Every structure is written in C-alpha cells, then in structure tokens.
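Residues per chain, in single letters:
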Amino acid sequence: MMLHIPQVLSKEETADIRRLLESSQDWVDGRETVGVQGAQVKRNQQLADSSELKAHLGQRVTAALQQHPLFFAAALPLRIIPPRFNRYAGGETYGMHVDGSVMQYTDLNGQSQTLRSDLSCTLFFAEPEEYEGGELVVADTYGEHLVKLPAGDAILYPSSSLHEVRPVTQGARLASFLWIQSMVRSEGQRRALFEMDTAITRLRETGGDNAAVLQLTGVYHNLLRDWSET
Ligand code: NI
C-alpha cells in the first residue's frame, strides 16, 4: 500500500527547515551511506551522518510524523530510523534499487540499534513546480507509481519495493527519507488494520450506532494485540 500523507509539516515549518538545509555546509556525496548495489546507481548529495543539523532536523521530522494521525494509523511504528536529508540537482538521480532489509543505526541516546525496514517514507521540501524530473518511482505488482508531492507532504510505501528517483534536470529536489519498523510485520495485516481504523473513525464521525462502533473498536484492538510485536 502506498499512502500520501498530506501536511506532515506546515508551510512555515517546511520553509524554515528548507532554509536551514539550503545554507548548510554539511552536504556530502550520497554514496556515504549505501550498499554495493546502490552505489552503482546513486548520484546525489546527503547531509553527512555526523552533521548536527541532520540530527536536529531529524528530530523535528520524526516528531511531526509521530503526531500525524494518518501516519500513525498506517505505519503503526515501532522504531523510526533518524531521518536523512538529500538533494538532487544538475541531472542527479538514484536508479532502480532495493533498500536494505535490516539496518543498524545509532539512536538519540547513542545506543546501537537494529531496525527491520517495513516501510519507507519520503518527505518533500520543494514544491513540484520548482524542479524538473525528480519523481519517486515505486514499482510493485500493480506497475510503476510516480510520486511528486507538495512541500510538507510525505509518501509512505513498502520497503520491499524496487524504486528510483528520476534525474532532476532543472532546479533542486530537497527531501527527507527514513525507514520504519512497524509493530505489525505483515503488509496485509497492516493494511487490514488501517482500513478498519479508517472505517471506524468515519462511523464515529458520522454518528454510527454507538454499540456497533464500540464492538468494532474492540475487534480492532484484539487484532492489533494478536498481530503486533512491541
Ligand atoms: Ni531507496
């Protein structure tokens, strides 16, 4: 399931982060963090892993995502990797690749952690009309999906998919990207929970039968209890 999450950040917050990114001296070759297969097709810039700005902005992005009801309902996050930031300009691109399935990272307390990448997330900082190309293309069994979202919006998609970022031929594409380990490992189960959650919310908002809503809410939580790992 691919899900567009609108307005993770307000336009003001987005512009503020963008200003900090554009004036940063911490940009390095994106191949600093990539496996052997990715290194052959990755041509972009990233904020260095050692960058204090990366750590600071990463916390802001993580906090915004965790407060977003749609993100929480869809991802059911257990662990979120500290977000990274990238920039594509002057024809830069990241050809078709697959992300690593198990990742090591250092958390805010300096502890080494392991994360299984269930979901990938890209948050956009430039408006679509400000650059040419730069679509995120996600290939799944239904075909290829092209994604280019307004600044402040995010896309959530399964980490199991092949994907690429098309060359940016004019302007610059600024984004943040991160991986999530979900409490619910199975894509199908996660989707069923999300759809049930969405339907329950709609029933509640439209004044559906209280007893039935309560019963369905109970079923949701019992399924989540059965299917989740914490
Ligand atoms: Ni990737």
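Please refer to the structure placed before this passage.
Since we're looking at a predicted model, the values are computed, not measured. (Residues numbered from 1 in each chain as written. Predicted model: local features only at pLDDT ≥ 70, side-chain atom pairs only at ≥ 80, totals over all residues. Heavy atoms only, no water.)

Attention now moves to the pairing of strand E6 (residues 84–89). Side chains on a regular strand alternate between the two faces of the sheet. Judged from the two bridges that link them, strand E4 (residues 45–47) and E6 form a sheet pairing that is antiparallel. Its bridge partner lying in E6, Gln45 is registered against Arg87. Bridge analysis of E6 against strand E17 (residues 172–182) gives six bridges, and the strand direction is antiparallel. Bridge pairing in E17 links Arg87 to Leu174. (Pairing = 2+ DSSP bridges. Helix = DSSP H or I, 4+ residues; strand = E, 2+ residues; numbered from the N terminus.)

The next point concerns empty space enclosed by the protein. Considering all chains together, one arrives at one cavity of 30 Å³ or more under this definition. Forming the walls of the largest cavity are Met1, Ala74, Leu119, Glu187, Arg190 and Arg191. For the lining of the largest cavity, the element with the highest residue contribution is helix H5 (residues 187–205), accounting for three residues. (1 Å grid on protein atoms, 1.4 Å probe; cavity = no way out; pocket = protein on both sides within 12 Å on 5 of 7 lines; lining within 4 Å. Points joined across faces, edges and corners; volume = space filled by probe spheres on them.)

To continue, consider the coordination of the nickel ion. Surrounding the nickel ion are the protein donor atoms His97 (NE2), Asp99 (OD) and His163 (NE2), which sit 2.1 to 2.2 Å from the metal. Sequence spacing of the donor residues for the nickel ion, all on one chain, is H-x1-D-x63-H. For His97, a relative accessible area of 3% translates into the label buried. (Donors = N, O, S within 2.8 Å, 3.2 Å for Na, K, Ca; no water. Buried < 20%, exposed > 50% of the residue type's maximum accessible area, 1.4 Å probe, protein only.)

Let's shift gears to the packing of aromatic side chains. One pass over the structure, following the stated rule, counts two aromatic pairs. Considering the side-chain rings of Phe177 and Trp179, the 5.7 Å spacing of their centres and the 90° angle between planes classify their relative orientation as edge-to-face. The exposure class of Phe177 is buried, given its relative accessible area of 14%. When its relative accessible area of 9% is taken as the criterion, Trp179 is described as buried. Here the guanidinium or amino end of Arg87 rests over the ring plane of Trp27, the centre of that ring lying 4.5 Å away. (Phe/Tyr/Trp six-rings, centres within 6.5 Å; stacked < 30°, edge-to-face > 60°. Lys NZ or Arg CZ within 6 Å of the ring centre and 35° of its normal.)

As for its placement among the helices and strands, Val41 is situated in the loop between helix H2 (36–39) and strand E3 (42–43). When its relative accessible area of 26% is taken as the criterion, Val41 is described as partly exposed. Residues Val41 and Thr93, 52 residues apart in the sequence, show an inter-C-alpha distance of 7.7 Å.

Closest axis-to-axis distance for the H5/helix H6 (residues 210–227) pair is 10 Å, and the angle between their directions is 160°. Here H5 lies roughly antiparallel to H6, going by the angle between them. For the pair H5 and H6, the sense of crossing is left-handed. Contacts between H5 and H6 involve Gln189, Leu193, Met196, Asp197, Ile200, Leu203 and Arg204 from the former and Val213, Leu216, Thr217, Val219, Tyr220, Leu223, Leu224 and Trp227 from the latter. Of the residues contributing to the contact of H5 with H6, the split by class is eleven nonpolar, two polar and two charged. (Axes fitted to C-alpha atoms, helices over the stretch in contact; angles between N-to-C directions. Parallel < 35°, antiparallel > 145°, perpendicular 65-115°, else oblique. Left-handed = near helix turned anticlockwise from the far one by under 90°. Contact = heavy atoms within 4.5 Å. Nonpolar A, V, L, I, M, F, W, Y, C, P; charged D, E, K, R; others polar.)

Another point: H6. Taking 1.5 Å of rise per residue, the 18 residues of H6 would be expected to cover 26 Å, and the 26 Å separating its terminal C-alpha atoms lies within 8% of that figure. Of the positions making up H6, those classed as buried are Val213, Thr217, Tyr220 and Leu224. In an axial view of H6, the angular spread of the buried residues amounts to 55°, which keeps them on one side of the axis. For H6, the exposed residues set more than 90 degrees away from the buried face come down to Ala211, Leu214, Gln215, Arg225 and Asp226. For H6, the secondary structure elements touched by its buried residues are H5. Here H6 starts with a cap whose side-chain oxygen sits 3.2 Å from the backbone nitrogen of Ala211, and that cap is Asp209. (Expected span 1.5 Å × (residues − 1). Arc of directions from axis to C-beta. Polar contact = N/O pair within 3.5 Å; in protein donor to acceptor, adjacent residues only side chain to side chain.)

Okay, the nonpolar core next. One finds Leu21, Phe125, Leu156 and Ile180 to be the most contacted residues of the largest nonpolar core, which totals 35 residues. At the level of secondary structure, the elements contributing two or more residues to this core comprise strand E1 (3–5), helix H1 (11–22), helix H3 (52–67), helix H4 (69–75), strand E8 (102–106), strand E10 (119–124), strand E14 (154–158) and E17. Core analysis: the next-biggest nonpolar cluster, separate from the first, contains 13 residues, Val138, Ile155, Tyr157 and Val168 among them. (Core = buried A, V, L, I, M, F, W, Y, C linked by side-chain atoms within 4.5 Å.)

The next thing to look at is the pattern of salt bridges. For the structure shown, the criterion picks out 15 salt bridges. Here Lys54 ties to Asp49 by a salt bridge, and the two come within 3.8 Å at their closest N and O atoms. For Glu164, the salt bridge identified is with Arg166, shortest N-O distance 3.7 Å. The buried category is assigned to Glu164, whose relative accessible area is 15%. In this structure Arg166 comes out as partly exposed when scored by relative accessible area, which is 28%. Connected via shared salt-bridge partners are Glu13, Asp16, Arg19 and Arg60. (Salt bridge = Lys/Arg side-chain N within 4 Å of Asp/Glu carboxyl O.)

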